[in-house]
Amino acid sequence: MAKAVCVNGYKRPAGAAEDAGEGRAARKRRKADGGGRGPEEKSSRLTAALFGEDCEINHDQLYELLKYAALGKCHNATQPSWCRIYHQSHLAGVVVIVLQETSQLHFYKFYLQFKHLRKVFRHRFTLTTSANFLASLYGEGANLKPQNTAQGLTSTSSECVPKSSKLQCDPILRKYGEKKRGLTSYTLTLEEQKKNDYPIKGSPGCKGYIYTECDQQRTDSSPLFGLDCEMCLTAKGNEVTRVSLVDAQGQCLLNELVKPESTVVNYRTRFSGITKKMLLPVKTRLPDIQTRLKKMLPHDAVLVGHSLNADLQALEMIHPSVIDTSLLFARNEGRRFKLKFLAKAVLGKEIQCEQKLGHDPAEDARAALELAQFFIEQGPAKVAELNLEMLLMTEKLAEVSQNKAALQPRRCRVQNQLNEPPHLSKPCFLDCLQMTGQKPLLLGRQELDSSGLCQSNLSTSNKQILQRALEDVPLSTFSIIQFSLGPEYVASHLLAGLCEKVRSKLTDMLTIYAGPFEESFCLKSVKKEFGRCGPIQSLTVVTETYQPYVCIQYEVLEAAQLAVESLNGAEVAGSCIKVQRPVTAAMLDCDVLIKELELDVENEGVIYVAGLKKSLTEADLQEEFSQLKDLETLFLPKDLQSGKHRNCCFLKFQKSQSAVDALEVINGWTVKGSKLRSRNALASGHLWRWIWQMNHSNEKQGGNILCEKMEQASDSEQDLRKKVKKLDHHIKKLYRSLQDNTLCVVLFPGVNSMHGSQSGLGLMGIKDDGGRSAC
């Protein structure tokens, strides 16, 4: 059995780095010979938390995914923070298909025409727009010129550069030397503690502080404990509001909220994650925590933390033996690395993610502990090499930028320096691919010539690009294929016209008419009954008819559809009513569109539930629905302006049949006195958010201008519809030609124009044996 080798906090089988290139080459040879994946080969899998409000991905996050998929752990790439690839080393390749001049608007305007895309890819996300889209995919410091090496292949980018004599000047080696030492060599001395503002026994500023009484002699086998606190600003200063303690195995021993003694001035929720509501029921005070910590710590315990002095000061406790990771990973001139950076660079872990509300002290304590363990186990020399590698990469990127400036007339720009402020370039993983002997493929309007330089080729047709892709993609491990609708279809006035047509159709799909009612009907009763189908945006009485009707516009598609299905022919406010959508030319295919949305691969296993009381919290709903089999996720939509949740939710199940069973159970189910209604979902998380934004947009044009733009859009829409259909067919043909276990990402980059910007859209999946993306 191969022994696990630890590289920057990751474990991989010995020899994995050396065999990765040969594995992919063997797979390609096998495909060329007509063979498939062997029975012993694992299938790669892709999972992503793209449900609810976590569906907007920026280009840095997309870069994370592509870098890890292309390079893997053996080249110091880390798992992306928003999704996960299992068995990355078994990927046959990575193919990125870019549909230039398109946005999320185009995908949903021509949803029925994109038949292949909407049926194959399980994962979808909204993509933020970028001024320089293509460059953002492969890193702004990209050096696309192939590297010529004497040996041909090189195993890692760091091995291509000899060690510098500067290594001997590293602050870590100056302090600790190169040999491995035990943990006692890394605990702070009394002088170091005084210098870094640690609470010291007998110090005048520490009067009243609690001493842990851990006075036993430390040895290299003494137990390590990670400690981290979150603080709020009070009238007294920084006071503890949460304390976490983890043991050497990473087990959380203590994770407790603490009520401050003084009045809170600032909860610092963005960093602490603490809110006023969280602390209201808390009875634990600082003396309680001090007593518990004192009892929990053995007499030879060594505390580990990042800038641990601040935590001990806030705890008003004195401990004689500490390891401070902000000082352990030393830098020149007294500078310190942030814990978030060290966790990612050394351990390959993402902590303190922006998606979370505040920091998790248990997560931070565990990260600091693992950093200290890594330092002790690997030794100063190994750690110094990591820092040196980062420094060399930065210097290399600076040299690349200078070379690019010299070659500017001959090469495509990666950044428009006249329009954008200078910023630190991201490391380019295409450089690393070429240094390992793998030549990336770039086809479309911008292509790589034989020298590795990027050239424009505007005359190439989509059909020619497809033919070249079918020939060249199987020979490359990383490909970017660019198709285009053509500039004549993305003029700003046409885009504005399309936008208005989509907005108009969405409004019609969200609107229902109900009636007729008696002259003296109770409007409150009508609003209550129709409100059980979902959140209502507006309700008006139509008086132009012989008897009154009601026009209701909902905020979600499912609510309008549920009203049509459940209340048409029902008795409401004393009248037997008819419920229908507006009848317009654009709505003639509404039933077809609703059916296709319901069958969309992204909506498999997802149901919509309405009729919830607004007083119900997410925790209440989790408890209510806990008996449902295979429930995976619950999404409670919020008003994007007020932040208040709506009277509906979405439930995602691990299996489609479990969702079907749940529908039967939930319909008619009563929760806290409220009768629930449910149906299959129509709009996934990213689509729900986009519909809300379109529905609440204030950018509607004036009458004559709008009519003119919509007429111009109608003139070219038929041609555009044909072009989109052909484009979908091209992608289908290319996708079917891909080898199984290939990661495929299709990107609608988004559009910026004088009439505003339209966000992009991403679809992704790993092709499995059935020609569909694996989840």
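Residues numbered from 1 in each chain as written. Predicted model: local features only at pLDDT ≥ 70, side-chain atom pairs only at ≥ 80, totals over all residues. Heavy atoms only, no water.

Trainee: I'd like to hear about the overall build of the protein chain, residue by residue, with values.
Mentor: Of regular secondary structure, the protein chain possesses 25 helices and 36 strands. Counting over 775 residues, the protein chain shows a buried share of 53%. Expressed as a percentage of contacts within the protein chain between residues at least 6 apart in sequence, the contacts between residues at least 24 apart total 74%. When the accessible surface of the protein chain is totalled, it reaches about 36,300 Å², and 49% of it is carbon and sulfur. (Helix = DSSP H or I, 4+ residues; strand = E, 2+ residues; numbered from the N terminus. Buried < 20%, exposed > 50% of the residue type's maximum accessible area, 1.4 Å probe, protein only. Contact = heavy atoms within 4.5 Å. Areas by Shrake-Rupley, 256 points an atom, 1.4 Å probe, with all protein chains shown as cover.)

Trainee: Which residues make up the side chain of Arg503, and what are the values?
Mentor: For Arg503, the location among the structural elements is in helix H18 (residues 492-509). Only 3.0 Å separates the side chain of Arg503 from the side chain of Glu500, close enough to count as a polar contact. (Polar contact = N/O pair within 3.5 Å; in protein donor to acceptor, adjacent residues only side chain to side chain.)

Trainee: With reference to specific residues and values, describe the confidence of the model for the protein chain.
Mentor: Per-residue confidence for the protein chain averages 78 on the pLDDT scale, and 73% of its residues sit at or above 70. Element-level mean pLDDT values for the protein chain span from 32 in strand S1 (residues 4-7) up to 97 in strand S15 (residues 322-324). Contacts from residues 449-454, a stretch scored under 50 in pLDDT, to residues over four places away or in other chains number 19 contacts. Contacts from residues 698-713, a stretch scored under 50 in pLDDT, to residues over four places away or in other chains number 22 contacts. (pLDDT = per-residue confidence, 0-100.)

Trainee: Account for the packing of aromatic side chains, naming residues and giving values.
Mentor: Applying the stated criterion across every chain, the model contains 17 aromatic pairs. Seen in terms of ring centroids, Tyr176 and Phe375 are 5.7 Å apart; in terms of plane orientation they differ by 75°. Their pairing is edge-to-face. Residue Tyr176 is found in helix H6 (residues 171-176), and its partner Phe375 is found in helix H14 (residues 361-378); the two are separated by 199 residues along the sequence. The same class applies to Tyr176 as to Phe375, namely buried. For the pair Phe517 and Phe521, a centre-to-centre distance of 4.8 Å together with 20° between the ring planes defines the contact as stacked. Each member of the pair Phe517 and Phe521 is classed as buried. (Phe/Tyr/Trp six-rings, centres within 6.5 Å; stacked < 30°, edge-to-face > 60°.)

Trainee: Pulling in residues and values, what's your account of helix H17 (residues 462-472)?
Mentor: Listed in full, the buried residues belonging to H17 are Asn462, Ile465, Leu466 and Ala469. In an axial view of H17, the angular spread of the buried residues amounts to 100°, which keeps them on one side of the axis. Among the exposed residues of H17, those pointing more than 90 degrees away from its buried face are Lys463 and Glu471. (Arc of directions from axis to C-beta.)

Trainee: Describe in detail the sheet that holds strand S21 (residues 536-542), supporting the description with residues and values.
Mentor: Strands sit in the order S21-S22-S20-S25 across an open sheet of four strands; the sheet is antiparallel. Edge positions in the sheet fall to S21 and strand S25 (578-580), since each has one partner strand and no second. Ignoring which end each strand starts from, the neighbouring axes of this sheet average 20° apart. Across six bridges, the pairing between S21 and strand S22 (residues 549-554) is antiparallel. Bridging across to S22, Ile536 finds its partner in Tyr554. Of the strands in this sheet, strand S20 (511-515), S21, S22 and S25 are in contact with helix H19 (residues 523-531), which crosses S21 at around 140°. (Pairing = 2+ DSSP bridges. Axes fitted to C-alpha atoms, helices over the stretch in contact; angles between N-to-C directions.)

Trainee: Describe the packing of helix H13 (residues 339-347) against H14, listing the residues and the values that go with them.
Mentor: When two helices pack together, their arrangement is given by the angle between the helix axes and the distance between those axes. Following both chains from N to C, one finds H13 and H14 inclined at 50°, their axes separated by 10 Å at the closest point. Taken together, the axes of H13 and H14 lie oblique to each other. Viewed along their axes, H13 and H14 form a crossing whose handedness is left-handed. Where H13 approaches H14, its residues Leu339, Leu342, Ala343, Val346 and Leu347 are matched on the opposing element by Asp364, Ala367, Ala368, Glu370, Leu371 and Phe374. Taken together, the residues of the contact of H13 with H14 sort by class into nine nonpolar, no polar and two charged. (Parallel < 35°, antiparallel > 145°, perpendicular 65-115°, else oblique. Left-handed = near helix turned anticlockwise from the far one by under 90°. Nonpolar A, V, L, I, M, F, W, Y, C, P; charged D, E, K, R; others polar.)

Trainee: Report on the side chain of Arg679, specifying residues and quantitative values.
Mentor: Inspection of the secondary structure puts Arg679 in strand S31 (residues 677-680). A distance of 2.8 Å separates polar atoms of two side chains, one belonging to Arg679 and the other to Glu598.

Trainee: Can you break down the environment of Phe51 residue by residue, with the values?
Mentor: Along the chain, the position of Phe51 falls in the loop between strand S3 (45-48) and strand S4 (56-57). Excluding residues within four positions of it along the chain, Phe51 makes contact with Val606, Thr633, Leu634, Phe635, Phe650, Leu651 and Lys652.

Trainee: Hey, could you go over unusual backbone geometry for me, with residue numbers and the actual values?
Mentor: Here Gly515 and Pro516 are connected by a cis peptide whose omega angle stands at 0°. Checked against the element boundaries, Pro516 lands in the loop between S20 and H19. Phi at Ser307 takes a positive value of approximately 55°, unusual for a residue other than glycine. With respect to the helices and strands, Ser307 occurs in the loop between strand S13 (302-305) and helix H11 (308-315). The phi angle at Glu316 is positive, at roughly 55°, despite the residue not being glycine.

Trainee: Let's hear about the pairing of strand S28 (residues 648-653): which residues, and what values?
Mentor: Among the six residues of S28, five are classified as buried, and the element is accordingly described as predominantly covered. As judged from the five bridges shared by strand S26 (residues 606-610) and S28, these two strands associate in the antiparallel manner. Pairing of Ala610 across the sheet is with Cys648, part of S28. Bridge count between strand S27 (residues 631-635) and S28: four bridges; the pairing is antiparallel. Note that in S28 the partner of Leu631 across the bridge is Phe653.

Trainee: Summarise the sheet that holds S31; cite the residues concerned and give the values.
Mentor: Taking strand neighbours across the sheet as the criterion, the four strands line up as S27-S28-S26-S31 in an open arrangement whose pairing is antiparallel. The open sheet has two edge strands, S27 and S31, and neither has a second partner. Averaged over all adjacent pairs, the angle separating strand axes in this sheet is 25°, with direction ignored.

Trainee: Which residues make up the pattern of salt bridges, and what values do they have?
Mentor: Going through the model one piece at a time under the given rule, you end up with 18 salt bridges. Across the pair Glu604 and Arg122 runs a salt bridge, and its minimum N-O distance is 3.7 Å. Placement of the pair is Glu604 in the loop between helix H21 (590-599) and S26 and Arg122 in the loop between helix H4 (115-120) and strand S7 (123-127), with a sequence separation of 482 residues. Note on Glu604: relative accessible area 34%, which makes it partly exposed. Looking at Arg122, the relative accessible area reads 26%, which means it is partly exposed. With a closest N to O distance of 2.9 Å, Lys236 and Glu316 form a salt bridge. Taken together, the positions of Lys236 in the loop between strand S9 (224-234) and strand S10 (237-246) and Glu316 in the loop between H11 and strand S14 (317-318) put the pair 80 residues apart, joining distant regions of the chain. Overlapping salt bridges, with partners in common, bring together Glu64, Lys344 and Glu350 in one network. (Salt bridge = Lys/Arg side-chain N within 4 Å of Asp/Glu carboxyl O.)

Trainee: Explain the nonpolar core residue by residue, including any values.
Mentor: One finds Leu99, Leu117, Ile481 and Phe483 to be the most contacted residues of the largest nonpolar core, which totals 52 residues. Sequence-distant contacts of Leu99, that is, excluding residues within four places in its chain, are made with Phe114, Leu117, Phe483, Leu727, Ile731, Val746, Leu747, Phe748 and Pro749. (Core = buried A, V, L, I, M, F, W, Y, C linked by side-chain atoms within 4.5 Å.)

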